[in-house]
Amino acid sequence: AQSVSQHNHHVILSEAASLELGCNYSYGGTVNLFWYVQYPGQHLQLLLKYFSGDPLVKGIKGFEAEFIKSKFSFNLRKPSVQWSDTAEYFCAVRPRGFQKLVFGTGTRLLVSP
Amino acid sequence: NAGVMQNPRHLVRRRGQEARLRCSPMKGHSHVYWYRQLPEEGLKFMVYLQKENIIDESGMPKERFSAEFPKEGPSILRIQQVVRGDSAAYFCASFVDRDTNYGYTFGSGTRLTVV
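Residues numbered from 1 in each chain as written. Chains lettered and ligands numbered in written order. Predicted model: local features only at pLDDT ≥ 70, side-chain atom pairs only at ≥ 80, totals over all residues. Heavy atoms only, no water.

## A word on the pairing of strand β6 (residues 53-56) of chain B
Residue and element names in this part refer to chain B. Threshold: Criterion used throughout: strands pair if DSSP finds at least two bridges between them. A run of H or I in DSSP becomes a helix once it reaches four residues, and a run of E becomes a strand once it reaches two; helices and strands are each numbered from the N terminus.
Bridging between strand β5 (residues 43-50) and β6 involves three bridges; their strand directions are antiparallel. Its bridge partner lying in β6, Gln50 is registered against Asn53. Where β5 hands over to β6, the hairpin turn is made up of two residues, of which Glu52 adopts a positive phi near 65 degrees.

In structure tokens form, the structure reads like this:
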């Protein structure tokens, strides 16, 4: 069965620090990849997605992610975090030809001012 | 253009009661997913519906849970005889077509508490 691993469950950073959240998936075929953010008490919002083409994807709010096919990874990065980035971040995978998204368990990011 | 609307936002039920969760997809969207988020866990797929059809219910518990998406009106997730373990956030997502590149649009969720 397809699975998504997010190795960091909790991350604490100071403002202006750089961020990298890991995401690995287990599926040998073609996939679509997503990062969602969930601010406290709110719904999931799409940060960025990868379908094809340039493996370096830029999303909203200064986030980017890099798809490395050989490593089955889609890590999320931001050069300088802000207090307002405090949220939970979910990586998700959709194998091509399937409809449902498979989510990782999420990473809770706390940015201290 | 309203997003995906879920109601109620919070629902408290006693053990053994029924819970009905509603999801109105975005205008023009005919596909709906339901996901459940348990504390400290990611989102787990429950069911995928099109209008009047259940496409994939492989994530639905075999008993007490059912879902529908009628021709008119919202999609309903129904949980009969709720138990404490059903306490979770339930999210609905919609999209317009099987082959969309848009990704899903999620609602704000219904937080069910069983007491």
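Structure's up, so let's keep going.
## Quick look at the state of the cysteines
All names here are of chain A. The cut-off we apply is this: Throughout, a disulfide means two cysteine sulfur atoms within 2.5 Å of one another. Working definition: with a 1.4 Å probe on protein chains only, accessible area under 20% of the residue-type maximum means buried, over 50% means exposed, and in between means partly exposed.
Per the stated rule, a full pass over the model turns up two disulfides over all chains. At a sulfur-sulfur separation of 1.9 Å, the disulfide partner of Cys23 is Cys91. Looking along the S-S bond of the Cys23-Cys91 disulfide, the torsion reads about -65 degrees, which is the left-handed sense. Placement of Cys23 in the loop between β3 (19-21) and β4 (24-26) and of Cys91 in strand β10 (residues 87-95) is noted, with a sequence separation of 68 residues between them. Comparing Cys23 with Cys91, the two get one shared label, buried.

## Some thoughts on the pattern of salt bridges
Residues and elements named next belong to chain A. Selection rule: Every case where a carboxyl oxygen of Asp or Glu lies within 4 Å of a side-chain nitrogen of Lys or Arg is listed as a salt bridge.
Under the defined criterion, the tally for this structure stands at nine salt bridges over all chains. Notably, a salt bridge pairs Arg77 with Glu66, separated by 3.3 Å at the nearest N-O pair. Placement of the pair is Arg77 in strand β9 (residues 73-78) and Glu66 in strand β8 (residues 64-68), with a sequence separation of eleven residues. Given the relative accessible area of 22%, Arg77 is considered partly exposed. Salt bridges here are not isolated pairs; linked through shared partners, they connect Lys58, Glu64, Glu66 and Arg77.

## Focus on the side chain of Ser75 of chain B
Residue and element names in this part refer to chain B. To keep it simple, the criterion reads: Polar contacts, as counted here, are pairs of nitrogen or oxygen atoms within 3.5 Å of one another; within protein the pair requires one atom able to donate a hydrogen and one able to accept it, and residues that are adjacent in sequence qualify only if both atoms are side-chain atoms. For this analysis, residues touch if any pair of their heavy atoms sits within 4.5 Å.
Looking at the secondary structure, you find Ser75 in strand β8 (residues 75-79). Reaching out from Ser75, the side chain makes a polar contact with the backbone oxygen of Glu68 at a distance of 3.0 Å. Among all residues touching Ser75, those that are not within four sequence positions of it are Leu21, Arg22, Cys23, Val32, Trp34, Leu49, Glu68 and Phe69.

## Digging into the interface of chain B and chain A
In plain terms, the rule: Summed over both partners, the accessible area lost on bringing two parts together, with a 1.4 Å probe, is the buried area.
Taken together, the contacts link 24 residues of chain B with 21 residues of chain A. Both sides together, the interface formed by chain B and chain A hides about 1,700 Å², and carbon and sulfur atoms give 49% of it. Of all residues in chain B, Leu43, Tyr104 and Phe106 of chain B give up the largest surface area on contact with chain A, accounting jointly for 28% of the area buried on that side. If you look at where chain B meets chain A, you find one salt bridge. Linking Lys100 of chain A and Asp56 of chain B is a salt bridge whose minimum nitrogen-to-oxygen distance equals 3.6 Å. The interface formed by chain B and chain A includes six residue pairs in polar contact (both at pLDDT 80 or more). If you list the elements that add at least two residues to the side of chain B that touches chain A, you get β4 (31-37), β5 and β9 (88-95) of chain B.

That's the geometry; what it means functionally is another story.
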